[in-house]
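Descriptive analysis of the structure
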Amino acid sequence: CETIGIRRTLAMTSEYTPPKVWVHEKKGDNEFANINAPVSGSRFDKELPVGKHALQLYSYGTPNGAKVTILLEELLAIDVKEAEYDAHVIPISKGDQFSSGFVGVNPNSKIPALVDKSGSKPVNVFESASILVHLAEKFDKFLPKPGTPERIQTFNWLFWAHGSAPFLGGGFGHFYNYADQKQEYPINRYAMETKRQLDVLDKQLANNTYVVGEEYTIADMAIWPWYGNLVLGRLYSAAEFLQVHEYTNVVRWAKMIGGREAVRRGRIVNRTWGEEWEKLAERHSAADIDVVLAKAPQSHKRKEMD
């Protein structure tokens, strides 16, 4: 038809021919594209702030950041007092992840990063999955016992999330939501992969209350901030486009996890956008979260309980 012909003509005229040697060039005013560079290391000197608790988290309220704050809040909810933490915000759109202090903790300049000062020497922990395992093993919570099939399955799904989410975020999310121009090929490519991943998760949850069976684990905490928020309509405004309601088992699970008090608390930490009751740039005590959540109108509280 005529529409398809026009689309193909536009695709052909805008085709990119790679040069023999790639050169980094900043183009346009897309802050998400221009913040990165093909080199690592610090770009400016700045020390990281340090709070009073043994656990110092440096993060931002993205799905990867929320994984860790949800686990920390779950630990505090079951009275693991040693899990008290300071959460310092690292605004990634402003480039704070490239400070000398942050690079000293995570040379890869990605949030979240944790400094555990509870031992004789501080321990730097980076990559969200590594932080989840470190804390789960440290406190012996939300991770099945060594030598059990459930532990292996927890790691299977934890690393499934770690390997799959970049296709959802850096792939689909980037081209559908952040790229300067909407392009059919990458959006179709990553929409297909995102829906395939949702189907994988939906089938796993068809016969399991949680991802790994009847036990709530760090696998759920790793997967929910990405795929749970996606099917709840909180990610990329893509719920209708991806027809997320079709994944009924994921939706059931996402609502269940999202209804947990610790999840409601953890998901707002280091978040700097949204409604006043949905964001808390820095967290240094439980009271900080209490104050923010108290701002929510009754209609919102009833909706979250549904």
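Residues numbered from 1 in each chain as written. Predicted model: local features only at pLDDT ≥ 70, side-chain atom pairs only at ≥ 80, totals over all residues. Heavy atoms only, no water.

Let's shift gears to the pairing of strand 4 (residues 123-126). Remark: a regular strand shows side chains that alternate across the two faces of the sheet. Where strand 3 (residues 113-116) meets strand 4, four bridges bridge the pair, whose relative direction is antiparallel. Along strand 4, the bridge assignment pairs Leu114 with Val125. The turn linking strand 3 back onto strand 4 is made up of six residues. (Pairing = 2+ DSSP bridges. Helix = DSSP H or I, 4+ residues; strand = E, 2+ residues; numbered from the N terminus.)

What follows concerns unusual backbone geometry. Cis geometry is found at the peptide bond from Ile111 to Pro112, where omega equals 0 degrees. Residue position: Pro112 is located in the loop between helix 4 (100-105) and strand 3. Of note in the backbone geometry, Glu127 takes a positive phi value of approximately 75 degrees without being a glycine. Mapped onto the elements of the fold, Glu127 is located in the loop between strand 4 and helix 5 (128-139). Here the phi dihedral of Gln243 falls at roughly 50 degrees; this positive angle occurs in a residue that is not glycine. Tracing the sequence through the fold places Gln243 in the loop between helix 9 (239-242) and helix 10 (248-258).

With that settled, consider the sheet that holds strand 4. The strand order across the open sheet formed by four strands is 2-1-3-4, and the pairing between neighbours is mixed. One side of each edge strand has no neighbouring strand; the edge strands of this open sheet are strand 2 (85-89) and strand 4. Across the sheet, the mean angle from the axis of one strand to that of its neighbour is 20 degrees, orientation sign disregarded. (Axes fitted to C-alpha atoms, helices over the stretch in contact; angles between N-to-C directions.)

Residue placement: Asp202 occurs in helix 7 (residues 184-205). With a relative accessible area of 10%, Asp202 lands in the buried category. Remark: the alpha-carbon pair of Asp202 and Glu246, spanning 44 residues in sequence, is separated by 9.4 Å. A distance of 3.4 Å separates the side chain of Asp202 from the backbone nitrogen of Thr248, its partner in a polar contact. (Buried < 20%, exposed > 50% of the residue type's maximum accessible area, 1.4 Å probe, protein only. Polar contact = N/O pair within 3.5 Å; in protein donor to acceptor, adjacent residues only side chain to side chain.)

All told, the structure shown has 13 aromatic pairs when counted by the stated rule. Between Trp160 and Tyr227, the ring centres sit 5.3 Å apart and the planes meet at 35 degrees, which makes this aromatic pair tilted. You can see Trp160 sitting in helix 6 (residues 149-178) and its partner Tyr227 sitting in helix 8 (residues 218-231), a full 67 residues away along the chain. Both residues of the pair, Trp160 and Tyr227, belong to the buried class. By the ring-pair criterion, three or more aromatic residues cluster together here, those being Phe172, Tyr176, Tyr178, Tyr236 and Phe241. The lysine or arginine in question, Arg43, covers the ring of Phe98, its NZ or CZ lying 3.6 Å from the ring centre. We note Arg283 situated over the ring of Tyr85; from NZ or CZ to the ring centre the distance is 4.1 Å. (Phe/Tyr/Trp six-rings, centres within 6.5 Å; stacked < 30°, edge-to-face > 60°. Lys NZ or Arg CZ within 6 Å of the ring centre and 35° of its normal.)

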